[in-house]
Structures are given as C-alpha cells and as structure tokens.
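Understanding the architecture of this molecule
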Amino acid sequence: MSQITSSYSFPILEEDKFDYNEVAIYEVNQVESDNKLNYIVFEHKLTGNNLISQLLKSNEAKFITTIVLKSSMYRETTDNILEHISPTHIKQKILLKTTFETQSFFSAIVYIGEDKEIILNSSKMGLDEFWDGTTIELKKGAILARDGWRELENTASDLLTIKKDDVLEYGFDVSVISEEGGRFIANVESSLYDKIKLLPKNDSHLRSIVIHMLCVGFMNLAKYYKDDDSDLTNFKGIKLELKNKNIKTWEDDEFNPNQVACYFLKHNIKLEDDNE
Amino acid sequence: MNSGLQRLKKITKNRVESIRLLESALNKKDFIDYILIYFSKEQILEEIDFTGFKEKLSENEFQQLHYLYHYPMLWDILNSNNFSTIDASNPIKWISISLQLIMNDIIQPYYLAYVDSSKNGKNNIIEALRLSEQGNDKQLFNVSRAILRRMFGAIQERGKKGIYQDIPFAIAWWKIYLTKEISKQTQIDEKTLYEYFNTNPTNYNELIMRMSSKLTVIADNNIRDGLLKYIIDKEITNTKNFKEIIRMIGIESSWRAMGSLNYKDNQKIIESLVA
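The present account deals with the structure reproduced in this document. (Residues numbered from 1 in each chain as written. Chains lettered and ligands numbered in written order. Predicted model: local features only at pLDDT ≥ 70, side-chain atom pairs only at ≥ 80, totals over all residues. Heavy atoms only, no water.)

Along its length, chain B carries 17 helices and 0 strands. Scaling as 2.2 N^0.38, a compact globule of 275 residues should have a C-alpha radius of gyration of about 19 Å, and chain B matches this with 20 Å. Taking the principal axes of its C-alpha atoms as reference, chain B extends roughly 60 × 40 × 30 Å. Out of the 275 residues in chain B, the part that is buried amounts to 58%. Of the contacts made within chain B by residues no fewer than 6 positions apart, 70% connect residues no fewer than 24 positions apart. Accessible area for chain B stands at about 11500 Å²; split by element, carbon and sulfur atoms hold 46% of it. In chain B, which carries 37 positive and 33 negative side-chain charges, the distance between the mean positions of the two groups comes to 4 Å. (Helix = DSSP H or I, 4+ residues; strand = E, 2+ residues; numbered from the N terminus. Rg over C-alpha atoms; globule rule 2.2 N^0.38 Å. Buried < 20%, exposed > 50% of the residue type's maximum accessible area, 1.4 Å probe, protein only. Contact = heavy atoms within 4.5 Å. Areas by Shrake-Rupley, 256 points an atom, 1.4 Å probe, with all protein chains shown as cover. Lys, Arg positive; Asp, Glu negative; His and termini not counted. Charge placed at Lys NZ, Arg CZ, Asp CG, Glu CD.)

Structure follows, in structure tokens:
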C-alpha cells in the first residue's frame, strides 16, 4: 500500500542511516589546492547507482558546501564546480576567510528540480526495501545526502593533542603526524600529565608549557616537512596567516619556531601585571 | 593587546576599578589616561584610522546616528581602512574607534554611560557615584557595564551580539553592511531597509542575535535576503510575527538547504510556510 509522507520524510544518505543500500556512499574529502593558500578544495564523490545519482545525472541535484564563520555572521552556500569529473564526482573550491576563528563547513547533495511526487522503488533506486511503494514529495532544496560538519583548524593550539605517556621518564616529546590533515602530538610523562590536567585552561604555567610544546612541534615541522607538507592540510590556515603577516613559514630557511609558537598563543599569555 | 582587554572586561565586577572608570569618564583627559592603562597608545591607535570622522556629535546623535548624514561618513572612513566583517566583530577595533572619538572631541566620554532607562550619561555617572558612597553599588556596576558595552560590547557578558547591539557606531556599521548586501541582491531600496531597521530596533536585534548565535542559518545570504524581501513586501513589523517566521525557517532548514536556493525561491518558501 503506498502512502504519502510528510515533506521531510524521505530517504537521506548519511552516516549511520540505512535508507540506502550498502553500495551507496557519499564522501567528502579536503584535497590539495595547488599550493594556493586562500582556498581549499573539497572533493565530493557519490558511489553507487541510486536515486541521488539518477537525480545528479538528470541535473535535478547538485553538490553544495555551506561555509560558516559564526562570530562575524558570515554564512554562505556555494555550488561552484572547480573540476567536473563525472555527474557524481566533482571538486569544489572553497574560499577561505583570513581569520583565527574556526571556519566550519557543511557539504551535502540537494535536490534542485521542481517540486514533485515520486514513488520509491528500492531495486531501481538503491534504497532499503523499507521504502518500497512509498510516495514522497521532493521539494526544491531538500537535502538528499549529507556530510557532517567539519572545521578548518587555524590556530596552532587547536592542532596540539597532549597525551599521557607511561613509558617516557621525564618531560615530553612532540611529533608531527600527517593523518587526517596533520596534527602535533605531545607525549607527556605521566606525573607531569597528571599535574597539567588539573590546571585551568588559562593557567599561565600551562600556557608556557604549551608554547614550549608548540615550539618543538614547529621545529619538527620544519625539520620533516619543509619540502613537502602537502599532507598537512590542517596547517594551511596557519601558513596563510603567517604569509599574510610576512612571517617566515616552515618552508623558509629563516623560519623561527619560537616566534611562531609565541605568535599563535600570545593572546592567551597572562602577563605579570594581570595578577591583581 | 588582548591582555588589556581581558583586564578591562573584569572591572565591572570590581568596585574600586568601577569607581575609577566612572570618575574618569567625567573628563576627557582622565578617561583617555585610564583606558591607556590597559592598552599601549600606539598599538590601540594603529588598529584603525578613524580621524577622518570630524562631525562633532551631541549625546542624542551619538545614541542614534543618522542614516542619511552620519552613516555615509562612517562607511567611507572604514572602507578606506579596508574594514571587514571580521574587523567589525573585533572588540579591539571598536575600542580604538571609541578612543579616537573621544580624543578628537567628537563625543564626550560620559556619552558612553547611557542606559536604556536613562539617556543622560553624565547624570547616570554622578548618581551612581553618589549611591555608591552611600553603600549602594548596584547603579555603579550598571553604569560601569554600560560604558564598556558602548565602547566594545562588553562581550564577556553578552558575547559578540554585544558588539552588534550595544556599540552605537558598530550598530550603524552593521546596519549599513546588511542594507547594502541585501539591497544588492534584492533591489530593495537602501532607504527602505535603513528605515525598517531603525524603526524596528527589536527586529534588528532579533535578526542579529539569530544570525550571530542561536540560528546561524539565518545569516546565509540567500536566506537572509529572502527573509527581508518577504518582511519588507508584507510590511511585517510585529516582533512576535518576525520571530515566528525566523523560527519556521529554522525548522524548514533542518531538512532543506535553503542557502543553496536563491532569495526568490526562499521568499516563496517563506510565503508557503506563513500561509
């Protein structure tokens, strides 16, 4: 028996939702952008033959990304296509704002055809059988597939993860990992870790430890990634900021890790005369 | 720079510092000296060059800058500084502007001390100091907070919306910015938008509050412009109705990417929601 559902009850392709069959996957990845620093590139790819791929092929759906910079009230949705690989696979250019604030991105596939009713058929549309025979009303702008919110991490301290290390005998060491866009990992000896865990986030001693960690992190960044940091997409915003301020980056021989570590945390350092 | 801001933000909870702030605000030199305890003069003035604003303001004018006369001056001067929405959301920029307004005799420091219930800043300060001497500090802290709100939004209490809603020059800048952006897309006459924002301040505040914090989807230019086109066309001034429309857009946006549609589509969607 077919039934007409409410306007927002229609199959959506997203993680942990099972409206579509297992072959259907919507992936969005941040990819390299030819060393240009004022934008990033998102690659959108829909896998599988299904209702969404059919709508994309008939130009009744499109890939979008919404960019949000919350505290300056900037929010914009783009549907630009930098590279059209196929109707279900594109690259999209996202312009970045020059700011320390975290920029957030939401990517999706939306319906852009005229409002219409369709009867769902799981075998033809790559859907779970649950939807068989259901009539849905597709409305212009309906989100057919969604990626979660993602953020561009711009500040160095955002890119630092502090971990307890039971093996380390004293102090800490800092490494740079390149997975998921790159990050500093500070492995900290257990008693020091337990102490700093109790410190309030604005504690001046914690700040100085963090600056020291960042300094070591930037030294290692320059040491290991000077010639090729293409995997470290999370650091793109920092590099942009440094270049805009005419500060040397890890690509340059004159790069000063200490200066950069202090630069990115200077707004958090508590001065002596703050202790009123 | 931010260290100074951090310390300045705290003084509304400090009786001694609040008294110093209020006493200093009765006199230009004292007030400048007091603020420069928190900031290096060179650094704070380097934030922005606002010396081009030469129109001396009355207390009333400061509280409600005129959209035909003062707005264009403000806009042109800040444009010449490449002022952006990110700058306009930065409290340090507004402290710099406030300080220059006082240094250049455009406003008196006590203009900053107005509150909604009493618009005479000097009287507010004198009365607050008198009450404080008698052991009643409530007014002291209110006026101390008011001065910081008018100067940089007192963001420690109100978040960024304090900038958009409390600093007279920031309110003016954001109204101009929104007007120009909305007008560019929708062709709504700029004068109509200025008059709408100025005669419906609670709706402006609601819009700004939603855009900056609680429902940022409203800030999407295609949604914002569709909303204002609908509001202006239907002459909706009642704040309750205004809020209800925004609420409906919020619900609709949970399944519909209205930001991916143009403002005309969104105007139609809003019409269908309200019908």
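In this section: the overall build of chain A. Of regular secondary structure, chain A possesses 6 helices and 13 strands. By the burial criterion, 49% of the 276 residues in chain A qualify as buried. Taking the intrachain contacts of chain A between residues at least 6 apart in sequence as the baseline, contacts between residues at least 24 apart amount to 66%. Total accessible area on chain A is roughly 14200 Å²; 46% of this is exposed by carbon and sulfur atoms.

To continue, consider helix 15 (residues 221–233) of chain B. Its 13 residues give helix 15 of chain B an end-to-end C-alpha distance of 18 Å, which sits within 8% of 18 Å, the value for a rise of 1.5 Å per residue. Most of helix 15 of chain B sits out of view: 12 of its 13 residues are buried. Within the sequence span of helix 15 of chain B, burial applies to Asn221(B), Asn222(B), Ile223(B), Arg224(B), Asp225(B), Gly226(B), Leu227(B), Leu228(B), Lys229(B), Tyr230(B), Ile231(B) and Ile232(B). In this structure, the buried side of helix 15 of chain B is in contact with strand 4 (74–78) of chain A together with helix 12 (168–186), helix 13 (190–199), helix 14 (201–214), helix 16 (239–252) and helix 17 (263–274) of chain B. Trailing helix 15 of chain B by a residue or two, Glu235(B) shows a phi angle of about 55°, which is positive. (Expected span 1.5 Å × (residues − 1).)

All names here are of chain A. Evaluation of the coordinates by the stated rule reveals 26 salt bridges over all chains. With a shortest N-O distance of 3.6 Å, Glu14 and Arg146 are connected by a salt bridge. Within this pair, whereas Glu14 is found in the segment before strand 1 (25–31), its partner Arg146 is found in strand 10 (residues 143–152), the two being separated by 132 residues in sequence. For Glu14, a relative accessible area of 25% puts it in the partly exposed group. (Salt bridge = Lys/Arg side-chain N within 4 Å of Asp/Glu carboxyl O.)

Residues and elements named next belong to chain B. With their axes 12 Å apart at the nearest point, helix 12 and helix 14 run at an angle of 80° to one another. By the angle between their directions, the pair helix 12 and helix 14 is classed as roughly perpendicular. On helix 14, the residues touching Ile171, Trp174, Lys175 and Leu178 of helix 12 are Tyr204, Leu207, Ile208 and Met211. For the contact of helix 12 with helix 14, the per-class residue count stands at 7 nonpolar, no polar and 1 charged. (Axes fitted to C-alpha atoms, helices over the stretch in contact; angles between N-to-C directions. Parallel < 35°, antiparallel > 145°, perpendicular 65-115°, else oblique. Nonpolar A, V, L, I, M, F, W, Y, C, P; charged D, E, K, R; others polar.)

Moving on, we come to the packing of aromatic side chains. Residue and element names in this part refer to chain B. One pass over the full model with this rule turns up 30 aromatic pairs over all chains. Ring centres 5.4 Å apart and planes at 65° place the aromatic pair Tyr34 and Tyr38 in the edge-to-face group. Residues Tyr34 and Tyr38 agree in their burial class; the two are buried. An angle of 70° between the planes, with centres 5.8 Å apart, marks the rings of Phe197 and Tyr204 as edge-to-face. In this structure Tyr204 comes out as buried when scored by relative accessible area, which is 2%. Sitting above the plane of the Tyr114 ring, Arg150 keeps its charged end 4.0 Å from the centroid. The ring of Tyr204 has Lys175 sitting right over it, with the charged end atom 5.0 Å from the ring centre. (Phe/Tyr/Trp six-rings, centres within 6.5 Å; stacked < 30°, edge-to-face > 60°. Lys NZ or Arg CZ within 6 Å of the ring centre and 35° of its normal.)

Residues and elements named next belong to chain A. Taken in spatial order, the 4 strands make up an open sheet running 1-2-6-5, and their pairing is antiparallel. With partners counted over all chains shown, the strands left at the sheet margins are strand 1 and strand 5 (83–86), one partner each. Averaged over all neighbouring strand pairs, the angle between strand axes comes to 20°, with direction disregarded. Pairing between strand 5 and strand 6 (residues 89–95): 3 bridges, direction antiparallel. What sits directly across from Glu83, in strand 6, is Lys91. (Pairing = 2+ DSSP bridges.)

All right, on to the sheet that holds strand 12 (residues 172–177) of chain A then. Residues and elements named next belong to chain A. Strand order in the open sheet made by the 3 strands is 11-13-12, with mixed pairing throughout. Of all strands in the sheet, those with a lone pairing partner are strand 11 (160–165) and strand 12, marking the two edges. Taken over all neighbouring pairs, the strand axes of this sheet differ in orientation by 25° on average, direction set aside. The sheet contact formed by strand 12 and strand 13 (residues 183–189) spans 6 bridges and is antiparallel. Bridge assignment links Val176 to a residue of strand 13, and that residue is Phe184. Across the sheet, helix 4 (residues 204–225) is in contact with strand 11, strand 12 and strand 13; its angle to strand 12 comes to roughly 45°.

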